[in-house]
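Working through the structure, step by step
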Amino acid sequence: MRVIVQKFGGTSVATPEGRENVVKKVQEALNQGYGVVVVVSAMGRAGEPYATDTLIGLAKGIMKSVKPRELDLLMTCGENISTVVMVQTLKHHGIEASAFTGGQAGIYTDHHFGNARIMEIKPDNLRRCLEGGRVAVVAGFQGITPDGEVTTLGRGGSDTTGAALGVALNAEVVEIYTDVDGVMTADPRLVPQAKSLAVMTYNEVCEMAHLGAKVVHPRAVEIAMEGRVPLRIRSTFSDSLGTLITDGSAIGNIEIRGDKVVTGLAHIAEMALVRIKSEQDMNQNGKVMEVFQAMANAGISVDMIQVAPFAIGFIIKEDLAERSTQVLGKLNLEVLVQKGFAKVAIVGSGMRGVPGVMAKMVRGLQRARIAIYHSTDSHINIACLVRQDDMCNALQALHEEFQLGE
Ligand code: ASP
Ligand code: MG
């Protein structure tokens, strides 16, 4: 049987109109002859009665500390409610459907409450459901340990459920439905010229997600990539095909070019820059080790790391600036921690080994008179740190320089 997995986010299942649109998408897939597995998130966002954050507030409102085991049991209720509401809605439209918790769907995880990893999927119940001509509606974001404990997969984990079920059921595609038309070349709230991308590679979308673009959970992309199942990010509220995410090969009659120099832009706001200088060689006097060990001991994650004998630089989240100043102040070095920075990055899986990409990035920023304070790169991105006030202009300048709107 041809199987499709359709994952619907909180905004898609929150309202009756949203759920009517879900029914439409399910019906379209049934009409094409697919066995359909629907994965649902909890209904709505913080403040709405069944949203994940609302449920968390219910427990924390009594006492701030909640055992991770109990918190997981509570959080999974949001998705469980969505499955039954969705099954009722489908049945109301004459579509036979059954609801499953993560455990009932055969999703087995480790014991890491709050951020469990899927170890194995035994999809027999789901297969039987599909073979019986019914739609399977599965609660996202949750699983069960082999000894029956209920776990969650980390915030945003319903995407992970969708991708993992897609791999386990050998689905033709996993569709991730949200309230935007796929992955955009940049955040449209900051760059009005941003447009939706028709295709991109797993690596590119993963990189954009890690760099702050919030369309899909990076773990879901990694699972789909390993299992070689294509993902499609699309809107519940429109007919647009959204963005197809796959590797560099051909799918149907579209060729996916995995060699675009720059595909899109990403950004992370509210970062602080840490700069450490010394007259002495910090490799030789052990200060390099001391600096990073001190940050590690304080539980502070560092990013955009640069080490040289007489200078160390990295960035941290802005709200950790005071704590970092305190921790590093004890090391007897010249330390400068400055708030008010943002990271802007260009992403493209074809930039490796291509000359002139950084030159173009610098030209774009310079034309807009934007100073670069720090930079790092990987094989598929170049990130520059700019002043927070320049972030929006920087993104617009780069979007234009790399002609992403065309
Ligand atoms: N409801 C969960 C969360 O808010 C999972 C998800 O929506 O993907 O994190
Ligand atoms: Mg989500």
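Residues numbered from 1 in each chain as written. Chains lettered and ligands numbered in written order. Predicted model: local features only at pLDDT ≥ 70, side-chain atom pairs only at ≥ 80, totals over all residues. Heavy atoms only, no water.

Put simply, the rule is: UniProt positions are given in the numbering used here, feature names are shortened, and annotations may be inferred rather than shown by experiment.
As recorded by an unreviewed UniProt entry, the chain carries the name Aspartokinase and is attributed to Hydrogenispora ethanolica. Check the Catalytic activity (unreviewed entry) section of the UniProt entry for the chain; it says "L-aspartate + ATP = 4-phospho-L-aspartate + ADP". According to UniProt, the comment filed for the chain under the heading Function (unreviewed entry) is "Catalyzes the phosphorylation of the beta-carboxyl group of aspartic acid with ATP to yield 4-phospho-L-aspartate, which is involved in the branched biosynthetic pathway leading to the biosynthesis of amino acids threonine, isoleucine and methionine."

1. Section: the packing of aromatic side chains
Definition in use: Working definition: a ring pair exists when centres of Phe, Tyr or Trp rings (six-membered ring for Trp) sit within 6.5 Å. Plane angles under 30 degrees give stacked, over 60 give edge-to-face, the rest tilted. A run of DSSP states H or I qualifies as a helix once it reaches four residues; a run of E qualifies as a strand once it reaches two. Both are numbered from the N-terminal end. Partly exposed describes any residue whose relative accessible area lies between the buried limit of under 20% and the exposed limit of over 50%, with all areas from a 1.4 Å probe on protein chains only and scaled to the type maximum. Definition used: whenever NZ (Lys) or CZ (Arg) falls within 6 Å of the ring centre and also within 35 degrees of the ring normal, the charge is taken to sit over that ring.
All told, the structure shown has three aromatic pairs when counted by the stated rule. Aromatic side chains Phe-292 and Phe-314 sit 5.5 Å apart centroid to centroid with 50° between the ring planes, which places their arrangement in the tilted category. Of this pair, Phe-292 sits in helix H9 (residues 287-297) while Phe-314 is found in strand E17 (residues 311-317), placing the two residues 22 residues apart along the sequence. For the ring pair Phe-341 and Tyr-373, a centre distance of 5.0 Å and an interplane angle of 70° mean the geometry is edge-to-face. With Phe-341 in strand E18 (residues 334-347) and Tyr-373 in the loop between helix H11 (357-367) and strand E19 (374-378), this residue pair connects regions lying 32 residues apart in the sequence. Classification of Tyr-373 by relative accessible area gives partly exposed; the value is 33%. For the cation-ring pair, Arg-387 lies above Phe-341, with the distance from its terminal atom to the ring centre recorded as 4.4 Å. Against the face of Tyr-373 rests Arg-387, its NZ or CZ located 6.0 Å from the ring centre.

2. Remarks on the layout of surface pockets
Note the threshold: For cavity detection a 1 Å grid was placed over the protein atoms alone, and a set of points counts as a cavity when a 1.4 Å probe fits there but cannot get out; an open set counts as a pocket when protein lies on both sides within 12 Å along at least five of seven lines, with lining residues being those that have an atom within 4 Å of a point. Grid points are joined across faces, edges and corners, and a volume is the space filled by probe spheres set on the points. Ten residues, namely Ala, Val, Leu, Ile, Met, Phe, Trp, Tyr, Cys and Pro, are considered nonpolar, four, namely Asp, Glu, Lys and Arg, are considered charged, and the remaining ones, Gly among them, are considered polar.
Taken as a whole, the largest pocket spans an internal volume of roughly 1500 Å³. Lining the largest pocket are 45 residues; nearest its centre among them are Arg-45, Thr-178, Lys-214, Val-215 and Val-216. Looking at the lining of the largest pocket, the elements that each hand over two or more residues are helix H1 (10-13), helix H3 (52-60), helix H6 (158-168), strand E9 (173-178), helix H7 (202-210) and strand E15 (264-277). A class-by-class count of the residues in the lining of the largest pocket yields 21 nonpolar, 14 polar and 10 charged. Roughly 330 Å³ of internal volume is contained in the second largest pocket. Those elements that place two or more of their residues in the lining of the second largest pocket are strand E5 (118-121), H6 and helix H8 (218-227). Tallied by class, residues from the lining of the second largest pocket come to nine nonpolar, four polar and four charged.

3. Quick word on the state of the cysteines
Two cysteines whose sulfur atoms are joined by a covalent bond form what is called a disulfide. This is how it is decided: What counts as a disulfide here is a pair of cysteine sulfur atoms lying within 2.5 Å.
A complete count under the given rule lists zero disulfides for this structure. Here Cys-392 stays free of any disulfide, with the sulfur of Cys-384 as its closest cysteine sulfur at 17 Å. Assessed through its relative accessible area of 28%, Cys-392 is described here as partly exposed.

4. Section: the environment of Gly-133
By secondary structure assignment, the location of Gly-133 is in the loop between helix H5 (124-131) and strand E6 (135-139). Taking relative accessible area as the criterion, Gly-133 reaches 59% and is therefore assigned exposed. Counting along the chain gives 167 residues from Gly-133 to Ile-300, while the straight-line C-alpha distance between them is 51 Å.

5. A word on the pattern of salt bridges
Put simply, the rule is: Counted as salt bridges are all cases of a side-chain nitrogen of Lys or Arg within 4 Å of a carboxyl oxygen of Asp or Glu.
Applying the stated criterion across every chain, the model contains 17 salt bridges. We note a salt bridge from Arg-234 to Glu-175, for which the minimum N-O separation is 2.9 Å. Of this pair, Arg-234 sits in strand E11 (residues 231-235) while Glu-175 sits in strand E9, and the two are 59 residues apart along the sequence. Take Arg-234 and Glu-175: they sit in the same class, and that class is buried. Of the charged contacts in the structure, one is a salt bridge between Arg-363 and Glu-401, with a shortest N-O distance of 3.5 Å. Placement of the pair is Arg-363 in helix H11 and Glu-401 in helix H12 (residues 391-401), with a sequence separation of 38 residues. A relative accessible area of 39% places Arg-363 in the partly exposed class. Residue classification places Glu-401 among the buried residues on the basis of a relative accessible area of 10%.

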